[in-house]
Amino acid sequence: MDRKRLGWILPCVLLAEMGLNAWGLAGFYGTSGVEQYNRYMTEQGEQIRSVQTSDSDFYRIAQTSVRRYEENGRTAAFDEGMALGYASNTAYHSVPDNRHLTMLDALGYRTEAGCMNIVNTTILPADSLLGVKYILSSVPVPGLTLREDLPAANGKRVYENPDAFPMAFVTDASSATGGSSDPFQNANAMIRALTGVEEDVFLPADSRNVPTEQGISVTV
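Parameters at a glance
- Residues numbered from 1 in each chain as written.
- Predicted model: local features only at pLDDT ≥ 70, side-chain atom pairs only at ≥ 80, totals over all residues.
- Heavy atoms only, no water.
- Helix = DSSP H or I, 4+ residues; strand = E, 2+ residues; numbered from the N terminus.
- Buried < 20%, exposed > 50% of the residue type's maximum accessible area, 1.4 Å probe, protein only.
- Contact = heavy atoms within 4.5 Å.
- Areas by Shrake-Rupley, 256 points an atom, 1.4 Å probe, with all protein chains shown as cover.
- Expected span 1.5 Å × (residues − 1).
- Polar contact = N/O pair within 3.5 Å; in protein donor to acceptor, adjacent residues only side chain to side chain.
- Pairing = 2+ DSSP bridges.
- Core = buried A, V, L, I, M, F, W, Y, C linked by side-chain atoms within 4.5 Å.
- Phe/Tyr/Trp six-rings, centres within 6.5 Å; stacked < 30°, edge-to-face > 60°.
- Patch = residues over 30% accessible without salt bridge, like charges linked within 9 Å, V, L, I, M, F, W, Y side chains within 5 Å.
- Salt bridge = Lys/Arg side-chain N within 4 Å of Asp/Glu carboxyl O.

**Concerning the overall build of the chain**
- Looking only at helices and strands, the chain features six helices and eight strands.
- For the chain, the sequential pattern of α-helices and β-strands runs α-α-β-α-α-β-β-α-β-β-β-α-β-β.
- Considering the chain as a whole, with its 220 residues, one finds that 29% of them fall into the buried category.
- Once local pairs closer than 6 in sequence are excluded, the contacts in the chain between residues at least 24 apart make up 52%.
- Carbon and sulfur atoms make up 57% of the accessible area of the chain, which totals about 14,700 Å².

**Here's the deal with helix H6 (residues 183-195)**
- Here H6 spans 18 Å end to end across 13 residues, near enough to the 18 Å set by a 1.5 Å rise per residue.
- Of all the residues in H6, the buried ones are Asn 186, Ala 187, Asn 188, Ile 191 and Leu 194.
- Elements that come into contact with the buried residues of H6 comprise helix H4 (98-106) and helix H5 (124-129).
- Structurally, the start of H6 carries an N-cap: the backbone nitrogen of Phe 184 is 2.9 Å from a side-chain oxygen of Asp 182.

**A few points about the sheet that holds strand S1 (residues 60-63)**
- Taking strand neighbours across the sheet as the criterion, the four strands line up as S1-S4-S6-S5 in an open arrangement whose pairing is mixed. Only two strands of the sheet have a single neighbouring strand rather than two, namely S1 and strand S5 (145-146).
- Of the pairings in the sheet, the one linking S5 to strand S6 (residues 157-160) comprises two bridges and is antiparallel in character. Across the sheet, Leu 146 pairs through a bridge with Tyr 159, a residue of S6.

**Quick notes on the nonpolar core**
- Counting residues in each nonpolar core, the largest one holds 19 residues, and the members touching the most others are Tyr 109, Leu 129, Ile 135 and Leu 144.
- Put simply, the parts of the chain that give this core at least two residues each are H5, strand S4 (132-137) and H6.
- The residues touching Leu 144, leaving out its near neighbours within four places in the chain, are Leu 124, Ile 135, Tyr 159, Glu 160, Asn 161 and Pro 162.
- Core analysis: the second largest hydrophobic core is formed by twelve residues, Met 41, Val 51, Tyr 86 and Leu 150 among them.

**Describing the packing of aromatic side chains**
- Within the structure shown, the criterion is met by two aromatic pairs.
- For the ring pair Tyr 59 and Tyr 134, a centre distance of 5.1 Å and an interplane angle of 70° mean the geometry is edge-to-face. Here Tyr 134 lies in strand S4 and Tyr 59 lies in the loop between helix H2 (34-54) and S1, a separation of 75 residues in the sequence. Here Tyr 59 and Tyr 134 have matching classes, each one buried.
- Judged by centre distance (4.8 Å) and plane angle (70°), the rings of Phe 184 and Phe 202 are edge-to-face. Taken as a pair, Phe 184 in helix H6 and Phe 202 in the loop between H6 and strand S7 (208-212) lie far apart in primary sequence, 18 residues in all.

**Thoughts on the side chain of Arg 147**
- Within the fold, Arg 147 resides in the loop between S5 and S6.
- Here Arg 147 is in contact with Ser 54, Tyr 134, Arg 157, Val 158 and Glu 160, once residues within four sequence places are set aside.

**Points about a nonpolar patch on the surface**
- Judged by side-chain polarity, Trp 8, Ile 9 and Val 13 come together as a nonpolar surface patch covering roughly 330 Å² of accessible area.
- By the element assignment, Val 13 lies in helix H1 (residues 3-29).

**Description of the pairing of S7**
- Taken across its five residues, S7 has zero buried, putting it largely on the surface.
- Two successive antiparallel strands, S7 and strand S8 (residues 215-219), enclose a turn made up of two residues.

**Comments concerning the pattern of salt bridges**
- Evaluated as defined, the whole model comprises five salt bridges.
- Of the charged contacts, one joins Arg 110 and Glu 112 as a salt bridge, the two residues approaching to 3.1 Å between their closest N and O atoms.
- Here Arg 110 falls in the partly exposed class, since its relative accessible area comes to 47%.
- When its relative accessible area of 24% is taken as the criterion, Glu 112 is described as partly exposed.
- Of the charged contacts in the structure, one is a salt bridge between Arg 147 and Asp 149, with a shortest N-O distance of 2.9 Å.
- We classify Arg 147 as buried; its relative accessible area is 15%.
- Overall, the relative accessible area of 54% leaves Asp 149 in the exposed class.
- One connected set of salt bridges, linked through shared partners, spans Arg 147, Asp 149 and Glu 160.

Have a look at this one:
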């Protein structure tokens, strides 16, 4: 093959290969939900700013749902606090502080895959210990106060936790030792150590397990 013909063929082959790669990558990384993403982040940002404008103290904000879920209900979209500039009670990254993961797990927020805790619900005593003062929720949560003066966004209203601990609380190491695998007892012990209140926040409830064809039905 002469050099002139090869000079035409090689660029065509190169362009074809680059085009096929670009087409494959666009299909893999592309999304049809750009408008939904933009709307979600815009509304969420306005809601967060309204909370921060109404309360300039330092506190954590939690939420019971995030932008994106997989088909099985799992989600790794736990970095909204970092993206929107607020202190959260959760995060997802490849190099987590294991003390953070263990602490949340001991208080009832289960550790998953060694890099995040599942926080798509709210455990009020745990949130109070962690200084979570505001919770964004799509449903009312007993014990929280709806802030009707703050806007709703993405189906979530702002609820205030009147029992949130101030972020200045500290305790010595002895009060954190001797934990158990029971998150309810861990929360009770920490609240007693920090406040001096002797009554338990969590109390045992009667329950009944009934085997069914699908598994076990639990009545509390």
